[in-house]
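Observations on the model geometry
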Amino acid sequence: MTDHSEIISRITGLLYPFILLFGFYLILNGHASPGGGFQGGAVLASVFITRYLVEPDRCIRLNTLKTAEKTLFVCIILYPALFLFVSPANHSELLNLIYLIVMNFLIGLKVCSGFTIIFFRFAFFEGGI
Amino acid sequence: MIEDIFLITLVILAIIALNTKKLRRAVVYLGVFSLVSSFVYLLYGAPDVAIAEAIIGSTITTVLYLVALRKYKVFSIYYTNDSNFQDIRLLKSESPFLYNLETFLVKREMEPQIIYSREPIETVLAQEKFDLAIHHTDQDIWIYGCAEDYQFDAVEDYLLTNHGDLNLHLMRCAEGEDNEA
């Protein structure tokens, strides 16, 4: 992997938008079809991970990602609580749908940043070299 | 029927992954293994699990294992000597022992990296991150390695069979914070 090949970098660059699209599809359609926050988030994280194959020398801004992950975690805790207390007693179907989609979205982004942090931390800061 | 075929394929792939000589091939077989197992999940009607298995099993863990392999490949050897050596290249040509050790490690897919140090062996042991530390006195060769390092076992076997005539002393240190393999 030290001498990275032109073919792999070109093809991965071409594939990025499709992987991103698939990830967001999995997240946003997770309440109706197979998939959901975790799986979609893992697909989004694989975008960052394959980026390592293209440019093995450059790290990403890990601190920003860490802050984002913490913020998303707080959001994931706060949002259901808020939903419980604010929504009316007999809430409609639409409200449930919005709740599910937003929750899936938050979980997806959190999983994506978590996986990315784990991977880049491992690749650049742990062990030898 | 199809499920049975793929389940048998899973077992075969697992056995192949265990029996490969090179670790990198085993990683690739493991990726194929998780791909097939995700297909089996799909056949049993669990598409959710199948997606998760396909992404995590065959993308993320494969890349992680490859990165880990690349990190583990560099094998650093610290070499200290009693006498003040003048030229490093001269030293390597004078002692076939070091040269043989290097070729042996290359054969095992490692990248040996020899660091010549003027510090006493105690400082090296205490402060540096090493896989092997070699202390060469006039008669004896002291070799220090990690107790849990399986590469060190292979090195020990090799040295004892091929260089039995030298006065070798193999020491095993406990795995500390500083000298992780």
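Before going into details, it helps to say that this report is about the structure given with it. Just so it is clear, the model here is predicted, and its values are computed rather than measured. (Residues numbered from 1 in each chain as written. Chains lettered and ligands numbered in written order. Predicted model: local features only at pLDDT ≥ 70, side-chain atom pairs only at ≥ 80, totals over all residues. Heavy atoms only, no water.)

Details of the overall build of chain A
The secondary structure content of chain A amounts to four helices and zero strands. Starting at the N terminus, the α and β elements of chain A follow one another as α-α-α-α. Within chain A, the fraction of its 129 residues that count as buried is 36%. Put simply, 74% of the contacts in chain A that link residues at least 6 apart link residues at least 24 apart. Surface accessibility of chain A: about 7900 Å² in total, with carbon and sulfur atoms responsible for 72%. (Helix = DSSP H or I, 4+ residues; strand = E, 2+ residues; numbered from the N terminus. Buried < 20%, exposed > 50% of the residue type's maximum accessible area, 1.4 Å probe, protein only. Contact = heavy atoms within 4.5 Å. Areas by Shrake-Rupley, 256 points an atom, 1.4 Å probe, with all protein chains shown as cover.)

As for the packing of helix H1 (residues 6-28) of chain A against helix H2 (residues 37-54) of chain A
All names here are of chain A. Put simply, H1 and H2 touch, their axes get as near as 8 Å, and they point 165 degrees apart. One element, H1, and the other, H2, form an angle in the roughly antiparallel class. Helix-helix and strand crossings are classified by hand; for H1 and H2 the assignment is left-handed. Listed contacts from H2 to Ser9, Thr12, Tyr16, Ile19, Leu20, Phe22, Gly23, Phe24, Leu26 and Ile27 of H1 are Gly37, Gln39, Gly40, Gly41, Val43, Leu44, Ser46, Val47, Thr50, Arg51 and Val54. Residues of the contact of H1 with H2, tallied by class, amount to eleven nonpolar, nine polar and one charged. (Axes fitted to C-alpha atoms, helices over the stretch in contact; angles between N-to-C directions. Parallel < 35°, antiparallel > 145°, perpendicular 65-115°, else oblique. Left-handed = near helix turned anticlockwise from the far one by under 90°. Nonpolar A, V, L, I, M, F, W, Y, C, P; charged D, E, K, R; others polar.)

Quick notes on the nonpolar core
When a protein is soluble and globular, its nonpolar side chains tend to lie buried together. In terms of nonpolar packing, the biggest core is built from 21 residues, with B:Ile77, B:Leu132, B:Ile134, B:Ile143 and B:Leu159 touching the most fellow members. Discounting residues that sit within four places of it in the chain, B:Ile134 has contacts with B:Ile77, B:Tyr78, B:Tyr79, B:Thr80, B:Phe97, B:Leu98, B:Leu101, B:Ile121, B:Ile141, B:Trp142 and B:Ile143. (Core = buried A, V, L, I, M, F, W, Y, C linked by side-chain atoms within 4.5 Å.)

Quick notes on the interface of chain A and chain B
Listed by partner, the interface residues are 20 residues for chain A and 16 residues for chain B. Buried area between chain A and chain B, both sides added, is near 1800 Å², and the carbon and sulfur share of it is 77%. Inspection of the chain A/chain B interface yields two residue pairs in polar contact (both at pLDDT 80 or more). Those elements that place two or more of their residues in the side of chain A that touches chain B are H2 and helix H4 (93-125) of chain A. Sorting elements by how many residues they give to the side of chain A that touches chain B places H2(A) first, with seven residues. Here the side of chain A that touches chain B is composed, by residue class, of 13 nonpolar, six polar and one charged. (Buried area = accessible area lost by both parts, 1.4 Å probe. Polar contact = N/O pair within 3.5 Å; in protein donor to acceptor, adjacent residues only side chain to side chain.)

What about the pattern of salt bridges?
Any two side chains of opposite charge can pair if their charged atoms end up close together. Residue and element names in this part refer to chain A. Applying the stated criterion to the full structure yields two salt bridges over all chains. Arg10 is the salt-bridge partner of Glu6, the closest N and O atoms lying 3.1 Å from each other. Of this pair, Glu6 and Arg10 both sit in helix H1, four residues apart, which is roughly one turn of the helix. You can call Glu6 exposed: its relative accessible area is 52%. In this structure Arg10 comes out as exposed when scored by relative accessible area, which is 57%. A salt bridge links Glu69 to Lys110, with the nearest nitrogen and oxygen atoms 2.9 Å apart. With Glu69 in helix H3 (residues 62-86) and Lys110 in helix H4, this pair connects stretches of sequence that are 41 residues apart. Of the residues examined, Lys110 reaches a relative accessible area of 19% and is grouped as buried. (Salt bridge = Lys/Arg side-chain N within 4 Å of Asp/Glu carboxyl O.)

Notes on the packing of aromatic side chains
All names here are of chain A. What the rule picks out here adds up to eight aromatic pairs over all chains. Considering the side-chain rings of Phe83 and Tyr99, the 4.4 Å spacing of their centres and the 25 degrees angle between planes classify their relative orientation as stacked. Of the two residues, Phe83 sits in helix H3 while Tyr99 sits in helix H4, which places them 16 residues apart along the sequence. Among the aromatic residues, those joined into a ring-pair cluster are Tyr52, Phe119 and Phe120. (Phe/Tyr/Trp six-rings, centres within 6.5 Å; stacked < 30°, edge-to-face > 60°.)

So, the environment of A:Gly41
All names here are of chain A. Here Gly41 is to be found in helix H2. Its relative accessible area of 0% is what places Gly41 among the buried residues. A C-alpha to C-alpha distance of 9.3 Å links Gly41 and Asn104, two positions 63 residues apart in sequence. Here Gly41 is in contact with Ile27, Gly108, Val111 and Cys112, once residues within four sequence places are set aside.

Here's the deal with the pairing of strand E3 (residues 132-136) of chain B
The element E3(B) is extensively covered by neighbouring structure, given that five of its five residues are classed as buried. Alternating positions in E3(B) separate into two faces, B:Leu132, B:Ile134 and B:His136 on one and B:Ala133 and B:His135 on the other, with burial throughout.

Quick notes on helix H5 (residues 96-107) of chain B
Residue and element names in this part refer to chain B. Spanning twelve residues, H5 covers 16 Å between terminal C-alpha atoms, matching the ideal 16 Å at 1.5 Å per step. Those residues of H5 that sit buried are Phe97, Leu98, Leu101, Glu102, Phe104 and Leu105. Within H5, the buried residues cover an arc of 160 degrees as seen down the axis, which keeps them to one side. In H5, the exposed positions that point more than 90 degrees away from the buried face belong to Pro96, Val106 and Lys107. (Expected span 1.5 Å × (residues − 1). Arc of directions from axis to C-beta.)

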